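# Working through the structure, step by step
Residue strings, one per chain:
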Protein chains: 2
Amino acid sequence: VNPRTQSVTVGIVGIGTVGAALLDLFETNDRIIRGKAGCDLRVGVVCDKRADRVKIARSRGVRFSTDYRRVTDDPSVDIVVELVGGTTVAGEVVMRALENGKHVVTANKALLASRWDAVFSLARQRRRAVYFEGAVAGSIPVVQALNEGLAGNHIRSITGILNGTTNYILTTMTASGRSYATALTEAQRRGFAEADPTMDVTGADTAHKLAILSSIAYSRWVKPSHLRVQGIREVEPEDISFARGFGYVMKLLGRGEERDGAYHGEVRPYLIPSDSVFATVHNEFNAVMIQGSHAGDLVFVGRGAGGAAAASAVLSDVIYVARGTAHHTAGLAPYVVYDPDLEVRLANRAEVPGSFYIRCTAVDRPGVLAQIAAVLGRHQVSLASVYQKQPITARPLGVPVVMLTHRIPEGRLESALAEIGSLTVVKGKPAYYKILDSAGT
Amino acid sequence: VNPRTQSVTVGIVGIGTVGAALLDLFETNDRIIRGKAGCDLRVGVVCDKRADRVKIARSRGVRFSTDYRRVTDDPSVDIVVELVGGTTVAGEVVMRALENGKHVVTANKALLASRWDAVFSLARQRRRAVYFEGAVAGSIPVVQALNEGLAGNHIRSITGILNGTTNYILTTMTASGRSYATALTEAQRRGFAEADPTMDVTGADTAHKLAILSSIAYSRWVKPSHLRVQGIREVEPEDISFARGFGYVMKLLGRGEERDGAYHGEVRPYLIPSDSVFATVHNEFNAVMIQGSHAGDLVFVGRGAGGAAAASAVLSDVIYVARGTAHHTAGLAPYVVYDPDLEVRLANRAEVPGSFYIRCTAVDRPGVLAQIAAVLGRHQVSLASVYQKQPITARPLGVPVVMLTHRIPEGRLESALAEIGSLTVVKGKPAYYKILDSAGT
């Protein structure tokens, strides 16, 4: 069989931003795509529930349907690309496609994070490929790097700026000193945040992506519910500014690590050194750092959002699966190693160590700092530095006291801060952020 | 067939730093490796011309030979790992292994750059896999990213800090103001430069790697001889220091780009913006930036040198090929797309545009700057800024005049500088460096 004479047909379900960009890519880079795929790769049918999108298909001479079964059940379709989003219909599309013997390419992080077991068990049983480079970090080929490029390494940790919206908001807050609310409005106005930004700003989106990367790294299903998740809605510009004085910038990170066989994963705003690679990752860009037992520290930076970037990732999967389809090899070897018998053993969160930044607002009166320090001392929280600046203007609501701790178990800090928050000389709840020691080179 | 019960045997030729690290990896991460490979993957035989290295093999219960044919001709060996280096014996090992129906994993950039055509033609003819992640940028899985992760993109450019030795030397010169010679000696003392550093400091090693990356990106054999290659031996600390004043740091880059169907590749010291990702890549670290038509700018940073980092890359290839071997799919679909009929069309070097930094040493006398500027003007070299500082100490050899140009074809600058170098008021040959507009986010 000469694979070049063979044709491989793709069906696409969901013609939103990414789907339209994918169709555009197929048109623009047709010659490159056929060369790389080594076969006659073409889009046969597309589906969208919005009937008015038929125009997008028609302009490209592709069949259109509003019923996804016209894609998943079409005998001529080899590869189903699921770009519906969400977990309900998307889940039906993926499972039905696999049941029908199709290979699947998806960019759906929510679906994979929540149904890893079901999807990869069925894929293995049917010996079909499920590829999902577009689900994490847009155009950065980190799924492949982690799954294949670092195979053979024990993955010590995965750390990522995985959400473009929150990175855009934090970049704006850092550059301009604006409040969270103002920066969010600006991000929405410029198309970097959705009208309902909940999934992004609560850290849920980052949690899905971290769960997926962790599941690949540790060959077991790490669920979003295994993670400690904190978003950026309570970040004050004041903390960004103080942190800068100490040589740090704030980024929302997803970070998973395995130590002594126990996994700990968290999504939270971190302070990272201003001279690290991560500190140069601004606006809607994404970055991932992987620490491998032998590869050392690897950092990947690229565009995390946007139709073209996601479509590029989806297309790389499609080409790869098409090459395998033409040679009758796709899906025979499982892409992701997933062992349903392996349990995730979680580390005790209170015992996970870190260095921290703390700010509390205290009454401007002698002895107050000593009182705070005494509480920290009782909880064995040792301080690396303390910063208390006399305010230029009168601050009837109190003055900020900023402290950096040495490396301590977070549980101790939480107990200490609960006690400090209840001191009468301290106003409001203390803010605290974890510090990342290293973020690339 | 249950692939888990199947065994795949690896033979390694060359047990230097990388080979020993690879054996170490096999031992340390045995469980992870078998899990990822999905089969009983083991090292069966190793070879080194140094008979005293038998100890390394024996301690691991592996057969040893000083004759590479005991590996390439062994019927039980499925995958031959070539870690000999150089092109003579290494070439025999790779070709003989393919002739004998083995899959090949190599980290040999010189071999691939000089015999791309022979190696991949034979591999395709025999339907055997040749993987080479370790040949470029150590632990960074950039070969895979370019070959697969970005498949479907037109690759606009590839830019890399691809040589750890020269990056170490330039980092030292930048941090301490030391001369090239002193920084080289320090790099040698600390194990970051070889006793004979020629391949590194002349840019030849970077050229091999850029040729390989370009060959992948453009599906045709880009040879080192297609590249303009300049090393770092003539770099003066003075230029590093002046460049810093303008907001740039100096890095030896390999950069290939395709514009209007014409390829231009070059290896040379570049000035890059100090706030770019590349500027944070210090010492022996490597970095690669790829600009894809749809993926946008991607940057990868990681350890470029060291046995463990290279071994990690080699192992990822071995695991991947082993998975394919166990499922009888390895080598069926060609890994690298190589079309022997495609010619490399080179851009006219004189017409390739860029912005440049120029320094010449001039007699400290009124009117000299006007004379230099007049020559530049005649050659249509327009200046963006000029810097001429009165020296604190008397400089009988002249004062430096530093200028930055707007974007111009390099040929014009070369003609202008030839003329400026011959002015009686200018001492010695003017130094000039290309400026990279963007190096990541």
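Everything that follows concerns the structure shown earlier in this document.
Report on the accompanying structure. Since we're looking at a predicted model, the values are computed, not measured.

The subject of this paragraph is the nonpolar core. Counting 235 residues, the largest nonpolar core has A:Leu41, A:Phe132, B:Leu41 and B:Phe132 as its most contacted members. Leave out the neighbours within four places in its chain, and B:Phe132 touches B:Thr106, B:Leu112, B:Trp116, B:Phe120, B:Val143, B:Ile212, B:Ile216, B:Asp317, B:Tyr335 and B:Val336.

The subject of this paragraph is the packing of helix H7 (residues 142-149) of chain A against helix H13 (residues 307-326) of chain B. Two numbers describe how H7(A) lies on H13(B): the axes approach to 9 Å, and their chain directions differ by 85°. Classified by the angle their axes make, H7(A) and H13(B) are roughly perpendicular. Contacts between H7(A) and H13(B) involve A:Asn147, A:Glu148 and A:Gly149 from the first element and B:Ser312, B:Ser316, B:Tyr320 and B:Arg323 from the second. Across the contact of H7(A) with H13(B), the residue classes break down as one nonpolar, four polar and two charged.

This part is about the environment of B:Thr202. Residue and element names in this part refer to chain B. Checked against the element boundaries, Thr202 lands in the loop between helix H10 (198-201) and helix H11 (204-218). If sequence neighbours within four positions are ignored, Thr202 has contacts with Val229, Gln230, Gly231 and Arg233. Within polar-contact distance, the side chain of Thr202 engages the backbone oxygen of Thr198 at 2.7 Å.

Bringing the pairing of strand E4 (residues 79-82) of chain A into the picture now. Residue and element names in this part refer to chain A. Residues of E4 alternate between two faces, with Ile79 and Val81 on one and Val80 and Glu82 on the opposite face, all of them buried. The pairing of strand E1 (residues 7-13) with E4 spans four bridges and is parallel. Its bridge partner lying in E4, Val13 is registered against Glu82. Relative to strand E5 (residues 103-106), E4 runs parallel, the two being bridged by four bridges. Bridging across to E5, Val80 finds its partner in Val104. A crossover connection joins E4 to the parallel E5 through helix H5 (residues 88-99); in handedness this β-α-β unit is right-handed.

Once that is clear, we can look at the relation of the copies chain B and chain A. Superposition record for chain B on chain A: RMSD 0.0 Å, screw rotation 180°, translation along axis 0.0 Å. Taken together, the rotation angle and the small translation identify this as a two-fold axis. Nearest to the rotation axis, the C-alpha of B:Phe300 is located 2.2 Å from it, this being the minimum over chain B. When you check the interface residues of chain B against chain A, 96% turn up at the interface there too, and the contact is symmetric in its surfaces.

Here the focus is the side chain of B:Lys251. All names here are of chain B. Its place among the elements puts Lys251 in strand E9 (residues 248-259). Looking at Lys251, its side chain comes within polar contact range of the side chain of Asn167, at 3.3 Å. Only 2.6 Å separates the side chain of Lys251 from the backbone oxygen of Val281, close enough to count as a polar contact. In contact with Lys251, other than residues within four places in its own chain, are Ile161, Asn167, Leu170, Thr171, Arg268, Pro269, Tyr270, Ile272, Phe278, Val281 and His282.

A few words on the sheet that holds strand E6 (residues 130-131) of chain B. Residue and element names in this part refer to chain B. Pairing is parallel across the open sheet formed by six strands, whose spatial order is E3-E2-E1-E4-E5-E6. Single-partner strands in this sheet number two, and they are strand E3 (63-65) and E6. Strand contacts of helix H1 (residues 17-28): strand E1 (7-13), strand E2 (40-47) and strand E4 (79-82), with the helix running at about 150° to E2, the strand carrying the most contacts.

Residue and element names in this part refer to chain A. Pairing is parallel in the open sheet, where six strands are placed in the order E3-E2-E1-E4-E5-E6. The open sheet has two edge strands with one neighbour each: strand E3 (63-65) and strand E6 (130-131). Both strand E2 (residues 40-47) and E3 contribute to a ladder of three bridges, which runs parallel. Residue pairing across strands places Val45 opposite Arg63, the latter belonging to E3. The strands touched by H5 are E1, E4, E5 and E6; relative to E4, the strand with the most contacts, the crossing angle is about 170°.

In this section: the interface of chain B and chain A. Between chain B and chain A, the contact holds 56 residues from the first and 54 residues from the second. Roughly 4800 Å² of surface becomes buried between chain B and chain A when both sides are summed, with 57% attributable to carbon and sulfur atoms. Remark: the boundary between chain B and chain A carries zero salt bridges. Seen at the junction of chain B and chain A, the total is 21 residue pairs in polar contact (both at pLDDT 80 or more).

Attention shifts here to the environment of A:Gln230. Residues and elements named next belong to chain A. Its place among the elements puts Gln230 in the loop between strand E8 (228-229) and helix H12 (237-245). If we skip the residues at most four places from it in the chain, Gln230 touches Thr202, Leu252, Val267, Arg268, Pro269 and Tyr433. Here the side chain of Gln230 touches Arg228 through a polar contact of 3.1 Å, side chain to side chain.

The next point concerns the pattern of salt bridges. On inspection of all chains with the given rule, the structure shows 46 salt bridges over all chains. Residue A:Arg53 pairs with A:Asp48 through a salt bridge whose shortest N-O separation is 3.2 Å. Between B:Lys209 and B:Asp205 there is a salt bridge, with its nearest N and O atoms 2.6 Å apart. Taken as a pair, B:Lys209 and B:Asp205 lie in helix H11 at a separation of four residues, close to a single helical turn. Residue classification places B:Asp205 among the buried positions, given a relative accessible area of 6%. Among the charged side chains, a network of salt bridges with common partners joins A:Arg228, A:Glu266, A:Arg268, A:Glu410 and A:Lys434.

Take helix H8 (residues 164-176) of chain A next. Residue and element names in this part refer to chain A. With 13 residues, H8 extends 18 Å from end C-alpha to end C-alpha; this agrees with the ideal 18 Å at 1.5 Å per step. For H8, the tally of buried residues reaches eleven of 13 residues, placing the bulk of the element in the interior. Along H8, the residues that are buried comprise Gly164, Thr165, Thr166, Asn167, Tyr168, Ile169, Leu170, Thr171, Thr172, Met173 and Thr174. Buried residues in H8 make contact with strand E7 (155-161), helix H9 (180-189), helix H10 (198-201), H12, strand E9 (248-259) and strand E11 (285-292). For H8, the capping residue at the N-terminal end is Asn163, with a side-chain oxygen 3.2 Å from the backbone nitrogen of Thr165. In the stretch just after H8, Gly177 is the one whose phi turns positive, near 75°.

Quick notes on the rules
- Residues numbered from 1 in each chain as written.
- Chains lettered and ligands numbered in written order.
- Predicted model: local features only at pLDDT ≥ 70, side-chain atom pairs only at ≥ 80, totals over all residues.
- Heavy atoms only, no water.
- Core = buried A, V, L, I, M, F, W, Y, C linked by side-chain atoms within 4.5 Å.
- Buried < 20%, exposed > 50% of the residue type's maximum accessible area, 1.4 Å probe, protein only.
- Contact = heavy atoms within 4.5 Å.
- Axes fitted to C-alpha atoms, helices over the stretch in contact; angles between N-to-C directions.
- Helix = DSSP H or I, 4+ residues; strand = E, 2+ residues; numbered from the N terminus.
- Parallel < 35°, antiparallel > 145°, perpendicular 65-115°, else oblique.
- Nonpolar A, V, L, I, M, F, W, Y, C, P; charged D, E, K, R; others polar.
- Polar contact = N/O pair within 3.5 Å; in protein donor to acceptor, adjacent residues only side chain to side chain.
- Pairing = 2+ DSSP bridges.
- Right-handed = clockwise from strand over helix to strand, strands pointing away.
- Least-squares fit on C-alpha atoms with pLDDT ≥ 70 in both.
- Buried area = accessible area lost by both parts, 1.4 Å probe.
- Salt bridge = Lys/Arg side-chain N within 4 Å of Asp/Glu carboxyl O.
- Expected span 1.5 Å × (residues − 1).

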